[in-house]
Amino acid sequence: RETAENGTRDLYGNVVCDWAEEEQLQQQDGEGGGGGDGSDAPSVKLYGKWQVEPYVAAAKDGKVPRNERGSIEVPPFVASVPLGCVHLPITGLGPICRSLDVDFAPALTGFELQSGRSVPRFEGIVICEAHEQRVMSVYLEREGAKQEAAQKQRMRAARTAWIQLLQALRTRMRLPGSY
């Protein structure tokens, strides 16, 4: 497969070294057009491990590279996160990124079995390193506000429980005097 931005890639997605591609072309010129058996059928280019380098995706212009399903594979599923990107394994960051107009992709960390089927497991998101501080500061602000609201709710519930307890005690103290 050949793409404008990545160069030639082998069947496993590795980038073919320039010198290996030149060697392949020289060998094909000597053989004729086909697969070496005299036919003109197109041949499959095969490369050894020493002729290819692992493909490493990179973020461009603040855009996170994605697979065909719109997500991105992260460790331990693949060797590394794309260059210029960072994996944030926190749930609930998608709406924050949308509100800040930051490009992100769900992070695919592997697959798990559910009801006998293999289901993708997503943990967090992947964003460009340039946006990490801004997204995390907004996340921490929102989490702080949630914790404050939860604390206020607990305080209201505790106050209500104390009021009910005191009213019950006052009623118990008043009843023996009435009968």
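J.: Would you take a moment to explain the overall build of the protein for this structure?
T.: Of the regular secondary structure elements, the protein holds three helices and eight strands. When the elements of the protein are put in sequence order from the N terminus, they spell out β-β-β-α-β-β-β-α-β-β-α. Summed over all atoms, the accessible surface of the protein reaches about 13,200 Å², with 54% contributed by carbon and sulfur.

J.: For this particular structure, what's the right way to read the state of the cysteines?
T.: Per the counting criterion, the structure on display carries zero disulfides. Left without a disulfide partner, Cys128 is nearest to the cysteine sulfur of Cys85, which lies 4.7 Å away.

J.: Which parts of the structure should I look at to understand the sheet that holds strand 5 (residues 72–73)?
T.: Sheets are built from strands paired through backbone hydrogen bonds, the pairs being either parallel or antiparallel. The four strands lie next to each other as 5-7-8-6, forming an open sheet whose pairing is mixed. Edge positions in the sheet fall to strand 5 and strand 6 (85–88), since each of these pairs with one other strand and no more. In this structure, strand 7 (residues 104–114) lies alongside strand 8 (residues 117–128), joined through nine bridges in antiparallel fashion. Bridge pairing links Gly110 to Arg121 in strand 8.

J.: Just checking my understanding: could you explain the pattern of salt bridges for this structure?
T.: When the charged atoms of two side chains lie near each other, side chains of opposite charge can form a pair. This model, assessed by the stated rule, comprises four salt bridges. The residue Arg66 makes a salt bridge to Asp103 at a minimum N-O spacing of 2.8 Å. Taken together, the residues span a long stretch of sequence, with Arg66 in the loop between strand 4 (52–53) and strand 5 and Asp103 in the loop between helix 2 (94–100) and strand 7 at a distance of 37 residues. Judged by its relative accessible area of 17%, Asp103 falls in the buried class. Salt-bridge contacts for Glu112 lead to Arg121; the nearest nitrogen and oxygen are separated by 4.0 Å.

J.: Whenever I open this one, the side chain of Thr109 confuses me. Can you help?
T.: Mapping Thr109 onto the fold places it in strand 7. Apart from the residues within four sequence positions on either side, Thr109 is in contact with Val74, Pro75, Pro76, Phe77, His87, Arg121 and Glu123.

J.: Sorry, what's going on with the side chain of Ser71 here?
T.: Along the chain, the position of Ser71 falls in the loop between strand 4 and strand 5. In this view, Ser71 contacts Arg66, Ala105, Pro106, Leu108 and Phe122; residues no more than four positions away in its chain are not counted.

J.: Would you mind showing me how to read the environment of Glu112 here?
T.: Locating Glu112 in the fold gives a position in strand 7. A relative accessible area of 30% places Glu112 in the partly exposed class. The residues touching Glu112, leaving out its near neighbours within four places in the chain, are Arg117, Ser118, Val119 and Arg121.

J.: Before we go on, may I ask you to explain helix 3 (residues 132–178) in this structure?
T.: Between its terminal C-alpha atoms helix 3 stretches 69 Å, which fits the 69 Å expected from 47 residues at 1.5 Å a residue. When we look at burial in helix 3, the residues that qualify are Val135, Met136, Val138 and Tyr139. In this fold, the buried residues of helix 3 make contact with strand 6, helix 2 and strand 8.

The rules behind each value
Residues numbered from 1 in each chain as written. Predicted model: local features only at pLDDT ≥ 70, side-chain atom pairs only at ≥ 80, totals over all residues. Heavy atoms only, no water. Helix = DSSP H or I, 4+ residues; strand = E, 2+ residues; numbered from the N terminus. Areas by Shrake-Rupley, 256 points an atom, 1.4 Å probe, with all protein chains shown as cover. Disulfide = S-S within 2.5 Å. Pairing = 2+ DSSP bridges. Salt bridge = Lys/Arg side-chain N within 4 Å of Asp/Glu carboxyl O. Buried < 20%, exposed > 50% of the residue type's maximum accessible area, 1.4 Å probe, protein only. Contact = heavy atoms within 4.5 Å. Expected span 1.5 Å × (residues − 1).

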